[in-house]
Structures are given as C-alpha cells and as structure tokens.
Amino acid sequence: MPKFTSISRRRFAQLAGVGAVSAIARPSIAWPSEIIARPVASPAAASAIVRLNSNENPYGPSPLALKAMTDAFSLAWRYPDEHADTLIDTLARINGVSREQIVLGDGSGEILKVCASAFTGPMTNDSKPIELAKPTRGPALQFVPGRGKLVAADPTFEAILNHARVNRAEVVKVPLNKTYAHDLPQMLAAANEGLIYICNPNNPTASITPKDQLRDFINKVPRQTIILVDEAYFHYADSPHYESVIPLVKDHSNMIVARTFSKVYGMAGLRCGYCIAQPETIRRMRPHLTWDSVNIMALAAAIASLNDPDQVPNGRRMNNQTKQFVSNQIKQLGYEHIPSQANFIMIDMKRPVRPLIDAMNRSGVSVGRAFPALPNHMRVTIGKQNEMEAFLGAFRQTIST
Ligand SMILES: Cc1ncc(COP(=O)(O)O)c(C=O)c1O
C-alpha cells in the first residue's frame, strides 16, 4: 500500500486512539493533494506490470469516498451496524424498494456464494427447516438446505459455478447464442428447482442479453426456480436494448439482482456489494451470510459514492472514450472484438490465445485469462489512456511474432 506510507505509524496510532475515546471529535487527515486529485494508487505504478486482467476501474473511488474513509478511520473499533443501516436505507431509496429487500455482501462475490448455498444442492437434500441461533439483530432464522441445479451461461463469470459444485449441486453450462447473449430458452429447458444465473452484461464477453428476451424469460421461469441476475457492469451499458431488471423484482418472488461497488465505483479492493429481492427470498439467504461482513471503511465509501453525482457519468465517459480509442486501433490492425457494453473488450485473436496471453505478460501487460469456451479470444480491461497505449505496444509486438 504505497500511498499509505505518507501517514506515519505514530500518526495512525494517534488517530485510532482519538477514535477510541471520542467518536464525536473525528480527526481529519490532510491527504497529500495528489492523492485526492489522482485517487488511485495505480497498479501500474505499484509494479512494472500494466494490469488489465480484472476489469477494475482505473480511476478509483470518488474523492468523496476517500474523504469518508479518512473520517471513518477513527471508527474502526466499532461494529459497522449504523453504517450498514445507512447504506441499506440509501440503496432502498435509490432503487424504490424496502430495507427488507436488501442484503449487503463482502463484495457481490459474497452474494453469489450465498445464492449458491441457499438455492443449489443435491436433489436429495432434505427440505425440513432447521432453527438457528438468533443473530444480534433481526428476527430468528430458519435454514432450509438448498436443492437443485445451477444453470449458467458458457462462458460466464465462473465464481458461482464453483460455489455450486462445492455445494454438491449439478452445474449445467449453456453456451451463449450467436450474438453472445444468454440462450434463455435452453437455460429454461435445463433448469429444475435450483438457480439460474444470468450475468448481464456478461463477463467475459461484455455482451448483453436484450431486455425484451430477458423480461419474457423471467415471466416464464417457474416460481420455485430462483433467477439471479448479476448486474456488476450495469453502469457501463448504454445500449437501448439493455435495462436493469430491478423494477421486475416486485412482481417476481424468485428474482435476485446483484450489484457491486467494485466496478464503476472503483472500490474493488474495499469489498462491498449487495442484492435486491423480495423479503421472503432475502430471509432464505440470511442464514448463509457472514454477520457484519462488510467493513466500516467500505460502507463509508459506498455511502459517499452514492452521494457523488459525478462518479458514474465520469467513469462511464472515460471508459467509453478509451474503449473507442482501443477499438479503433485494433481494427486498424485487422482485429475485431465482441461489441462491448462493459469496461473490457473480448478480442478475437483468430488463433489460440494462451500463447498470446503469455507473450503479452512477457511484454509487461497482464490481460484476462483464457476462457475454454472462446479459446481464440483475449479479454482486455479498459485501463487509462497511457495503460492502453502500453497495451497496444505489447499487442503489436505479440501479433507480429
Ligand atoms: C460479473 C461479475 N460478478 C461479480 C463479480 C465480483 O465482484 P465483487 O468485487 O463485487 O465481489 C465480478 C468481478 O469481476 C464480476 O465480473
């Protein structure tokens, strides 16, 4: 954490001490102006490698989030209940839902894991409810073991597939269709009472599943099958054929929509995500959650980010500009990518990508891993302009060998 070395250990200890005796007189830290102006401790600066492999937002968190985190240093000794409540209230208001319809996760990754635990498992699982100890807050919990398959696209974001396998659930992969959308009729045909995972926009293809098709599908899925729509890249999508399905949750008790602060909000290292569903579905998820899993810094930053009107439009605009630049450049070199509705592109390399990924690494540019379903495609995160120039240099070198 190179930037943090500018605060001495003694100063940090003083801050923590002040917080322990007084949460009211919050000390403020004078951040060096370059941190506020250039909020991200650039991964490229931290090492020689240009990191374009994880679909992070290179512009980092909102300045308001950085300020909120410095203010929260002195509260690090406390459990994060009040901050969690404030974030839940804010998200409920923004999304037009009640508090009981939201759970927070340690990144949306925790949401995906919880969904796999709650809604997938062997068909032999007993559906008898088990009483659990009452948590510190909220009502008593009952746990019903998950049953049923996980149905997901191929390729897609694979974390949930692993969680379902760990849960001993059958996992069915349904190839994307010719337009790289989810093949919804096939997914519906494959499902039983478990979980269908729809990643929209999809990682690693950056493609979308059109809104009309998705709405129609949601209407057809039987109520005992849960539909999890992962909208991690929602903010980057601007196609008229794309929409969030959050407004459909009120009419569908089997829907869950996951969101994250890791992408356009630039908080991947902080870990905060959430989901929206009907209260009964949320109740089924609760026994699988870690209590207080989102830390106070992440909560403070998330609340502040939502109050920053510039974070999303700026992130989207800078991503679009740089994406257009890279897209034009690779086209001039004779390469195409799948139309992208996210902060990354999937380039058709016209030959097996594995050796090309290795060659890019040797040139100091780390791109996404190979995806067996699309063995000729290279996934590249859209970084800052200078990072993408470095990428193009390595790309030219790689394709010429
Ligand atoms: C589609 C998708 N969902 C979820 C995640 C996990 O994000 P988080 O950082 O919120 O755990 C990612 C991360 O790259 C992702 O691409």
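Relevant structure appears above.
In this report, we go over the structure that sits alongside the text.

## Comments concerning the site of the ligand
Then step 1. The environment of the ligand is formed by 13 residues, the closest being S108, D230, T260, S262 and R271.
Then step 2. One of the side-chain N or O atoms of S262 is found 2.6 Å from an oxygen atom in the ligand.
Then step 3. Contact between the ligand and R271: an oxygen atom at 2.7 Å from a side-chain N or O atom of the residue.
Then step 4. Burial of the ligand by the protein chains amounts to 91% of its free accessible area of 400 Å².
Then step 5. Within the shell around the ligand, the residues separate by chemical class into 4 nonpolar, 6 polar and 3 charged.

## So, the sheet that holds strand β9 (residues 255-260)
Then step 1. Read from one edge to the other, the open sheet built from 7 strands follows the order β2-β10-β9-β8-β7-β5-β6, with strand pairing classed as mixed. In this open sheet, the two edge strands, each paired with only one partner strand, are β2 (102-105) and β6 (171-175). Across the sheet, the axes of successive neighbouring strands diverge by a mean angle of 25°, strand direction being ignored.
Then step 2. Note: β9 against strand β10 (residues 273-277), 5 bridges, orientation antiparallel. Directly across from V257, in β10, lies its bridge partner I276.
Then step 3. Across the face of the sheet, helix α6 (residues 108-119) comes into contact with β2, β7 (195-199), β8 (226-230), β9 and β10 while running at roughly 155° to β9.

## Some points on the sheet that holds strand β11 (residues 336-337)
Then step 1. On the basis of which strands lie adjacent, the open sheet formed by 3 strands has the order β11-β12-β14 and antiparallel pairing. Only two strands of the sheet have a single neighbouring strand rather than two, namely β11 and β14 (377-381).
Then step 2. As judged from the 2 bridges shared by β11 and strand β12 (residues 344-348), these two strands associate in the antiparallel manner. Residue pairing across strands places H337 opposite I347, the latter belonging to β12.

## Regarding the nonpolar core
Then step 1. Counting residues in each nonpolar core, the largest one holds 61 residues, and the members touching the most others are L87, I102, L104, I198, F217 and F261.
Then step 2. No other element matches the 10 residues that helix α11 (residues 296-306) contributes to this core.
Then step 3. In contact with F261, not counting residues within four places along its chain, are L87, L91, G266, M267, A268, C272, G273, Y274, A302 and L306.
Then step 4. In terms of nonpolar packing, the next biggest core, distinct from the first, is built from 26 residues, L112, A118, F119 and L228 among them.

## Some thoughts on the packing of aromatic side chains
Then step 1. A complete count under the given rule lists 6 aromatic pairs for this structure.
Then step 2. The interplanar angle of 45° and the centroid separation of 6.0 Å between the aromatic rings of F261 and Y274 together place this pair among those described as tilted. Pair noted here: F261 is in the loop between β9 and β10 and Y274 is in strand β10, with a separation of 13 residues, a long-range link. As far as burial versus exposure is concerned, F261 and Y274 are alike and both buried.
Then step 3. When the ring of F391 is compared with that of F395, the centres are 5.4 Å apart and the planes differ by 40°; the resulting orientation is tilted. On the criterion of helical spacing, the pair formed by F391 and F395 is a turn pair, its members being 4 residues apart in helix α14 (residues 385-399).

## Focus on the side chain of N203
Then step 1. You can see N203 is positioned in the loop between β7 and α9 (211-220).
Then step 2. Within the structure, N203 has its side chain in polar contact with the side chain of R379 (distance 2.8 Å).
Then step 3. Dropping the residues within four chain positions of it, N203 is found in contact with N55, P155, T156, F157, Y233, F344 and R379.

## Some details on unusual backbone geometry
Then step 1. P155 follows D154 through a cis peptide bond whose omega is 0°.
Then step 2. Counting through the fold element by element, P155 comes out in the loop between β5 (150-154) and α7 (159-166).
Then step 3. Between N203 and the following residue, P204, the backbone shows a cis peptide bond with an omega angle of 25°.
Then step 4. By the element assignment, P204 lies in the loop between β7 and α9.
Then step 5. If you check the backbone angles, R271 has positive phi at about 75° while not being a glycine.
Then step 6. Locating R271 in the fold gives a position in the loop between β9 and β10.
Then step 7. Positive phi, close to 65°, is recorded for K350, a residue that is not glycine.
Then step 8. Looking at the secondary structure, you find K350 in the loop between β12 and α13 (354-362).
Then step 9. For K350, a relative accessible area of 53% puts it in the exposed group.

Each value, and the rule that gives it
- Residues numbered from 1 in each chain as written.
- Predicted model: local features only at pLDDT ≥ 70, side-chain atom pairs only at ≥ 80, totals over all residues.
- Heavy atoms only, no water.
- Near = heavy atom within 4 Å.
- Polar contact = N/O pair within 3.5 Å; in protein donor to acceptor, adjacent residues only side chain to side chain.
- Areas by Shrake-Rupley, 256 points an atom, 1.4 Å probe, with all protein chains shown as cover.
- Nonpolar A, V, L, I, M, F, W, Y, C, P; charged D, E, K, R; others polar.
- Pairing = 2+ DSSP bridges.
- Helix = DSSP H or I, 4+ residues; strand = E, 2+ residues; numbered from the N terminus.
- Axes fitted to C-alpha atoms, helices over the stretch in contact; angles between N-to-C directions.
- Contact = heavy atoms within 4.5 Å.
- Core = buried A, V, L, I, M, F, W, Y, C linked by side-chain atoms within 4.5 Å.
- Buried < 20%, exposed > 50% of the residue type's maximum accessible area, 1.4 Å probe, protein only.
- Phe/Tyr/Trp six-rings, centres within 6.5 Å; stacked < 30°, edge-to-face > 60°.

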